[in-house]
Amino acid sequence: MSADVKNNAAKNRYELKVGDATAIAQYEPGEGRITFTHTEVPESLSGQGVGSALARGALDDARARGLRVVPVCTFIAGYLKRHPEYQDIVDPPPPAS
């Protein structure tokens, strides 16, 4: 899937619009890092590779901006485990409290 992932900095999220639906990857910005906290793909887009395209676009943008990635979101963390090419920008998530 060719994706046009946009960083909506005003809402602290990356967005991927497909038709009338929008998938999002919510994040918290930080000093030299970005912490991904939640990913949501509408049911109408499920199983079409939209979540993976969103993750790839967000991670590519983080890399281009020189940011370290903290994967608190389970979807982003799972994507990173399946894609070792991003390990050079990953910081471990904080310990659970």
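Look a little higher up for the structure.
Residues numbered from 1 in each chain as written. Predicted model: local features only at pLDDT ≥ 70, side-chain atom pairs only at ≥ 80, totals over all residues. Heavy atoms only, no water.

A. Quick peek at the side chain of T35. Along the chain, T35 turns up in strand β4 (residues 33-40). Residue classification places T35 among the buried positions, given a relative accessible area of 15%. Among all residues touching T35, those that are not within four sequence positions of it are Q26, Y27, E28, V70 and V72. (Helix = DSSP H or I, 4+ residues; strand = E, 2+ residues; numbered from the N terminus. Buried < 20%, exposed > 50% of the residue type's maximum accessible area, 1.4 Å probe, protein only. Contact = heavy atoms within 4.5 Å.)

B. A look at the packing of aromatic side chains. One pass over the full model with this rule turns up four aromatic pairs. Relative to Y27, the ring of Y14 has its centre 5.3 Å away and its plane inclined at 45°; by these criteria the two rings are tilted. On the criterion of sequence distance, the pair formed by Y14 in strand β2 (residues 13-18) and Y27 in strand β3 (residues 21-30) is long-range, its members being 13 residues apart. Given a relative accessible area of 1%, Y14 falls into the buried group. Plain terms: the ring middles of Y27 and F36 are 6.4 Å apart, the flat faces sit at 70° to each other, and that makes the pair edge-to-face. (Phe/Tyr/Trp six-rings, centres within 6.5 Å; stacked < 30°, edge-to-face > 60°.)

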